[in-house]
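A structural walkthrough
For reference, the chains in residue letters:
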Amino acid sequence: MRQIFILTSLILVVTSCVAAGIDAPLTLDEDYLAREAKMIEDIDQCGPEFIQEKLPASVAKSVAPITDGPFGPVCKRHDGCYRLKEKDQSWCDTRMKQEMMAICASGKATAAYSVPVVGPALCRFHATIYYAAINNTFAAVAHEGLPGGRIVSTSTKVIHDRLSDDEFTVCALVENDTKAMQEYDIEMHSETGRLIDREPDTYEVNIKPGAQKEFCVSTNYSRWGISDLGKKVHISIRADTPQNFAWTNDMIIVDTVEIVVPQP
């Protein structure tokens, strides 16, 4: 919730604050819910962190109907879920989305969102925006997640070329073994440390906690060939560090393996 942009909230819910609406929490273990409830703070609400921690309490309370819309209780539970840390970020985020969608499906979210056909559709759009705003690595900061991950396995392939140097490809299965959403890319460096390839080139790939994804790097489609690599290459996965709030140069290496390069 701390990561949801206030401007989006204003646009989406300024007309949905006429009525308090209803709450539709998932049925969960009562002992867990009791522990989670102890982690909820009075200032918790939907919206970015500065609303909860920087604004005077009276001002934050006055804007709560706008930022919360019909989802105030859901956002509070989401904050409690993050603080408790018994569940990973993805679980907390998915549960938040399910509870928001249940409110929309009830047809009793608020006066504006109860209008037949149009209201529930707008409510679901609102919920989708909120979910997208927290289900990412920036929300991982609120979950106090640190960059991490590991290379589970690798495979290699030599592409023979009769006219020029052979090409070399390495595919790595990457696992997010943390409790927070992570953004990754992968790099191949030659034996001397020269960067040969990075994938993806201009963005990172989100992987949920516990999930895996394959990345491949290669000399193919580059000016390098297998003879430029040396006897081994270093394959590194890099994770984003959103706590720096930087647009560039915020990736750090979290795991590296050496791969022997086949020699002619």
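Residues numbered from 1 in each chain as written. Predicted model: local features only at pLDDT ≥ 70, side-chain atom pairs only at ≥ 80, totals over all residues. Heavy atoms only, no water.

Residue position: aspartate 23 is located in the loop between helix H1 (6–13) and helix H2 (30–39). Exposure remark for aspartate 23: the relative accessible area of 32% places this residue in the partly exposed category. Along the backbone, aspartate 23 and proline 73 are 50 residues apart, and their C-alpha atoms lie at a distance of 6.8 Å. Excluding its chain neighbours within four sequence positions, the residues that come into contact with aspartate 23 are Pro73, Val74, Arg77 and Ile103. Side chain to side chain, aspartate 23 and arginine 77 meet in a polar contact 2.8 Å long. (Helix = DSSP H or I, 4+ residues; strand = E, 2+ residues; numbered from the N terminus. Buried < 20%, exposed > 50% of the residue type's maximum accessible area, 1.4 Å probe, protein only. Contact = heavy atoms within 4.5 Å. Polar contact = N/O pair within 3.5 Å; in protein donor to acceptor, adjacent residues only side chain to side chain.)

Let's shift gears to the packing of aromatic side chains. The tally for this structure, following the rule as stated, stands at 2 aromatic pairs. Each ring, one from tyrosine 32 and one from tryptophan 91, has its centre 5.7 Å from the other, and the planes form 80 degrees; the classification is edge-to-face. Here tyrosine 32, found in helix H2, pairs with tryptophan 91, found in helix H6 (residues 89–106); they are 59 residues apart in sequence, far enough to count as distant. Above the ring of tryptophan 91, the side-chain terminus of lysine 87 is found at 5.0 Å from the ring centroid. (Phe/Tyr/Trp six-rings, centres within 6.5 Å; stacked < 30°, edge-to-face > 60°. Lys NZ or Arg CZ within 6 Å of the ring centre and 35° of its normal.)

Remark: helix H5 (residues 72–84) packs on H6, axes separated minimally by 10 Å, with the N-to-C direction vectors making an angle of 170 degrees. Between H5 and H6, the angle falls in the class roughly antiparallel. From H5, Val74, Cys75, Arg77, His78, Cys81 and Tyr82 reach across to H6, where they touch Gln89, Trp91, Cys92, Asp93, Arg95, Met96, Glu99, Met100 and Ile103. In terms of residue class, the contact of H5 with H6 is made up of 9 nonpolar, 2 polar and 4 charged. (Axes fitted to C-alpha atoms, helices over the stretch in contact; angles between N-to-C directions. Parallel < 35°, antiparallel > 145°, perpendicular 65-115°, else oblique. Nonpolar A, V, L, I, M, F, W, Y, C, P; charged D, E, K, R; others polar.)

Further remarks concern the side chain of histidine 189. Note on placement: histidine 189 falls in strand S3 (residues 182–189). When its relative accessible area of 18% is taken as the criterion, histidine 189 is described as buried. Sequence-distant contacts of histidine 189, that is, excluding residues within four places in its chain, are made with Arg194, Leu195, Ile196, Val233 and His234.

Spatial strand order, S1-S2-S6: 3 strands in an open sheet with antiparallel pairing. Each edge of the open sheet is held by one strand with a lone partner, namely strand S1 (150–159) and strand S6 (212–218). Each strand of the sheet is rotated relative to its neighbour by a mean of 20 degrees, with strand direction disregarded. Where S1 lies against strand S2 (residues 167–175), 9 bridges are found, and the strand directions are antiparallel. Residue pairing across strands places threonine 156 opposite valine 170, the latter belonging to S2. (Pairing = 2+ DSSP bridges.)

Another point: the confidence of the model for the protein chain. Regions with low pLDDT should not have their predicted coordinates read in detail. Confidence along the protein chain averages 83 in pLDDT terms, with 80% of residues attaining 70 or more. Scored below 50 in pLDDT, residues 1–19 makes 63 contacts in the model with residues more than four places away or belonging to other chains. (pLDDT = per-residue confidence, 0-100.)

Moving on: the pattern of salt bridges. Note on pairing: side chains with opposite charge can pair once their charged atoms come close. Counted by the stated rule, this structure contains 12 salt bridges. Of the charged contacts, one joins aspartate 44 and arginine 83 as a salt bridge, the two residues approaching to 2.7 Å between their closest N and O atoms. You can see aspartate 44 sitting in the loop between H2 and helix H3 (49–53) and its partner arginine 83 sitting in helix H5, a full 39 residues away along the chain. A relative accessible area of 2% places aspartate 44 in the buried class. Arginine 198 is the salt-bridge partner of glutamate 187, the closest N and O atoms lying 2.6 Å from each other. Of this pair, glutamate 187 sits in strand S3 while arginine 198 sits in strand S4 (residues 195–199), and the two are 11 residues apart along the sequence. Through salt bridges with shared partners, a single ionic network connects Asp23, Glu36, Arg77, Arg95 and Glu99. (Salt bridge = Lys/Arg side-chain N within 4 Å of Asp/Glu carboxyl O.)

Turning next to the state of the cysteines. A covalent bond between the sulfur atoms of two cysteines is referred to as a disulfide. Applying the stated rule across the entire model yields 4 disulfides. Across a sulfur-sulfur distance of 2.1 Å, cysteine 104 and cysteine 123 are joined as a disulfide pair. On the sign convention where negative means left-handed, the S-S torsion of about -80 degrees between cysteine 104 and cysteine 123 marks this disulfide as left-handed. You can see cysteine 104 sitting in helix H6 and its partner cysteine 123 sitting in helix H7 (residues 118–134), a full 19 residues away along the chain. Here cysteine 104 matches cysteine 123 in class, with each residue buried. Put simply, cysteine 171 and cysteine 216 are joined by a disulfide, and their sulfur atoms are 2.0 Å apart. One disulfide, between cysteine 171 and cysteine 216, carries an S-S torsion of 105 degrees and so falls in the right-handed class. Of this pair, cysteine 171 sits in strand S2 while cysteine 216 sits in strand S6, placing them 45 residues apart in sequence. Judged by its relative accessible area of 15%, cysteine 171 is buried. (Disulfide = S-S within 2.5 Å.)

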